Every structure is written in C-alpha cells, then in structure tokens.
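# Structure assessment
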Amino acid sequence: HGRVGRAPRPPYMRDVNTVCQSYALCPHRSICENVASGRRRKKVRGDELRKRVLDALELVGLAGLERRKPRQLSGGQQQRVALARALVNHPRVLLLDEPLGALDLKLRKEMQLELKRIQHEVGITFVHVTHDQEEAMTMADRTVLMTAGRVEQEGRPEEIYAPPASTFAARFIGSPPMNLIEMAVEPAAGRQVLRAGFVLLPLPESCAQAVRDGPVETVTVGLRPDDILVLAPTGDDEQSIRGRCELVEFLGHRVLLHVRAGHLELRAYDDPVNRVRPGDIVDCRVPVERMHLFDTRTGRAIEVDPLAMEAGVAG
C-alpha cells in the first residue's frame, strides 16, 4: 500500500513476485530468456540484464545451463528456474504458492533446504503457502495456520507444535498427529478425574481451576505419540492406558505402535529393541504434565495455570 491518505498501489505495481506450483515457464524459450523476461518488462537491457540473469542462475545452482530449454531439465531444475525468474527482479516479498507440490518426496526434501539457504542468502521475505505441515515446520521462521479462511494459530513452529491452540491445530501439526480422546470430567474421592469407558486418567492440576470455573463437562485430551511411554503390563497405574497392540510400523530407529483400548485407538512410539508385536498387551503411560486439554464444545485449548503447572512438574 502507499502512504496514509493515498490510494493503494495496484497489484501489478507492487514490489512482489510469485512462484507458482506449475512453474509457468515458456517451453520455446531458453532458460536464460525465461529468467530475463521479468527484467525486460522493466526495460533492463544489454550487459546489465545478462549479469543479473547469470547471477540469479548461479544463486539457484543452474550456472552453465542458460541455453537449455525447460523440457531438457528435471522437475527440480524447472522449479529453480521459476525461482530465479522471480529473484532476478529483487522483490521485497516473494510469494511461493505450493512450489514443491509437483516434486517427488526425495527432491522435495532437498529443495526445502535449498529454498531455506536461498532465502537466507538474499535476505528477503518468503511467504510460502503449503498444505504439507512437515514442510511448513521445516522451513518457516514463523507459521500461520489457517482453516476456513481464518487464522487458527500463528507463531514459531515450536510454539504451534506445543501447545496447539485448538484440536484443529493438534490434528494438523505433527506426523503422526496428536491422539485426541474425548473424556468426561467426573468427581472421585474429593477430586476431579477424566473417564472414557474403563479408561481413567487424573485431571492435570494446571487445568483443574479452568475446568472447575467453566461449564466443562467433557474435555478432549491430546497426547503426542512421542510423549507416551510404552511399558509391559504391571499393576494398576492411574496414569496408564492398557490396550492390545494391533499394528507395528517399523521406522528404523523406532517403531510406531497402534494400540486399541476398548473403543480408543492410540498411536505411540517405542524402541525396536522392546520387540512389541501385534497382539501383545501393553500399558501406555501418560505423563500428566504432557497432556493437552481442549474444550470439546469449542475445540479451543483450556487455559493452563502456569503456577500450578510448575508446581506439578516440580513435584
């Protein structure tokens, strides 16, 4: 936008460039001509234009390929050409609309790191739109999570991962996503507990006051698979959920267990040396301080009392 009191600048005059998912390269033009097209529209010619184009190609790792046509390049190289074409204009902001969506998994991983390197080198703001939450967590300095046209949560990736502001954020961020269990709030022996069928868990002290003060009859308990400790069945433990392992996914340095406890399904990581097999009975120990609570009606996170949380961790 222009200064206060002036009409906003039309989009075509703003110092912003876009990299699309389809790359939108001209197939009959060389790589050099594709990259130069943006500067030509701004009346840049001759040696200055050539220097800018070659600098942009070197920045994206395509030096020496300027005479080739797009069809002679791989998908990853075409994506770099589209990036160079945008960067040659030295924009203040670069919009990237799912730029890695057309690449295979291995190449997408490589390009995530390459885009991060280029962004740091050129020092301009990249606004990167993606549906891949792992891509967003890997690349972003600041993340804005949106749903239905509204901002659900924003902050640094680690701030969105823990704690999530809503069940939507909990489902979307993390691979695999957070386990979400709807549980009733019930009194028991002078305190409040959480119940879902035969599963009984203590109510975290950090959330107890907010639950008591509000009209909360049910809560949704969120548990990250990394926070659950898988143990061999022992005696009764009110912080454990006992269930049967239904599936084991081998992931190399660890395994992902799918455990069923009545109508509940849990995903939990375990060490392969423990050799849990489908059909085994296990206890999934739930650290109270790692539980995330959400209001089931609104889906929003229940406010945590930081003093109670610190006291609980210290205890």
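The structure this text deals with has already been given above.
Computed from a predicted model, the values in this text were never measured in an experiment. (Residues numbered from 1 in each chain as written. Predicted model: local features only at pLDDT ≥ 70, side-chain atom pairs only at ≥ 80, totals over all residues. Heavy atoms only, no water.)

In this section: the overall build of the chain. Secondary structure summary: the chain contains nine helices and 15 strands in total. Whereas a compact globule of 315 residues would reach a radius of gyration of roughly 20 Å, the chain reaches 26 Å, over 25% beyond that. With the C-alpha coordinates of the chain rotated into their principal frame, the extents come out at 85 × 55 × 30 Å. Within the span of the chain, comprising 315 residues, buried residues form 41% of the whole. Of the contacts made within the chain by residues no fewer than 6 positions apart, 64% connect residues no fewer than 24 positions apart. Surface exposure of the chain reaches about 17900 Å², of which carbon and sulfur atoms provide 51%. Considering the chain, the positive charge centre built from 45 side chains and the negative charge centre built from 43 side chains are found 12 Å apart. (Helix = DSSP H or I, 4+ residues; strand = E, 2+ residues; numbered from the N terminus. Rg over C-alpha atoms; globule rule 2.2 N^0.38 Å. Buried < 20%, exposed > 50% of the residue type's maximum accessible area, 1.4 Å probe, protein only. Contact = heavy atoms within 4.5 Å. Areas by Shrake-Rupley, 256 points an atom, 1.4 Å probe, with all protein chains shown as cover. Lys, Arg positive; Asp, Glu negative; His and termini not counted. Charge placed at Lys NZ, Arg CZ, Asp CG, Glu CD.)

Attention shifts here to the sheet that holds strand S12 (residues 255-261). Strand pairing in a sheet relies on backbone hydrogen bonds, with the paired strands running either antiparallel or parallel. Taken in spatial order, the five strands line up as S10-S14-S11-S12-S13 in an open sheet, and their pairing is antiparallel. On the outer flanks of this sheet lie strand S10 (229-231) and strand S13 (264-270), each paired with one strand and no other. Adjacent strand axes in the sheet meet at a mean angle of 45° when their direction is disregarded. Both strand S11 (residues 240-250) and S12 contribute to a ladder of six bridges, which runs antiparallel. Its bridge partner lying in S12, Leu247 is registered against His258. (Pairing = 2+ DSSP bridges. Axes fitted to C-alpha atoms, helices over the stretch in contact; angles between N-to-C directions.)

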